[in-house]
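Letter by letter, the chains look like this.
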Amino acid sequence: MAELTSLADAYDLERVREAPARGRDAMAQVAAYEERTKTHPGRRHWSLADQNDPGDTGPAEVLDGDLDRWKRLKSGPNRGMWRMVGFRPGDYEARAGEDQTWQQLAYHYGPLTEADSEGR
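Residues numbered from 1 in each chain as written. Predicted model: local features only at pLDDT ≥ 70, side-chain atom pairs only at ≥ 80, totals over all residues. Heavy atoms only, no water.

The pairing of strand β2 (residues 61–63) with strand β3 (residues 69–72) spans three bridges and is antiparallel. Of the residues in β3, the one forming a bridge with Val62 is Trp70. The antiparallel pairing of β2 with β3 creates a hairpin that spans five residues between the two strands, and Leu67 there sits at a positive phi of about 70°. Where β3 and strand β4 (residues 82–84) come together, three bridges link them in antiparallel fashion. In the strand pairing of β4, Trp70 is matched with Met84. (Pairing = 2+ DSSP bridges. Helix = DSSP H or I, 4+ residues; strand = E, 2+ residues; numbered from the N terminus.)

The residue after Gly110, namely Pro111, is reached through a cis peptide bond having omega 5°. Along the chain, Pro111 turns up in the loop between α4 (102–109) and β5 (112–114). One non-glycine residue, Leu67, lies in the positive phi region at around 70°. As for its position among the elements, Leu67 is in the loop between β2 and β3.

Moving on: the nonpolar core. Membership of the largest hydrophobic core is limited to 11 residues, which are Trp46, Val62, Trp70, Trp82, Met84, Ala96, Trp102, Leu105, Ala106, Tyr109 and Leu112. Broken down by secondary-structure element, the contributors of at least two residues to this core are β4 and α4. The element best represented in this core is α4, accounting for four residues. By size, the runner-up hydrophobic cluster in this structure holds six residues, among which are Leu7, Ala10, Val16 and Ala32. (Core = buried A, V, L, I, M, F, W, Y, C linked by side-chain atoms within 4.5 Å. Buried < 20%, exposed > 50% of the residue type's maximum accessible area, 1.4 Å probe, protein only.)

The structure is reproduced here in structure tokens:
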């Protein structure tokens, strides 16, 4: 099965390369989402515009635009928020080490795709 399209992959797509420079980042996010839905129709995907938190019936883990894994917190004071799995200071921006709401996660790190049980 095809790998998920990352944002880096999306920047290499012709339609993204041909987009005006000011809109290239947004176009890459849209293109990555569209490619993922096309190549992995059996998985759930969310674009940056999907601001409704899927809640407890949603996925336990998602992959972001860079294919980093995020896990939904099931307990504690930040229950329902999302934490990057394997966050290492210095390898990621500081904000990625903070627990994120669904809206923050989708906006800053989308598109999002339900993680499969194999880890990609």
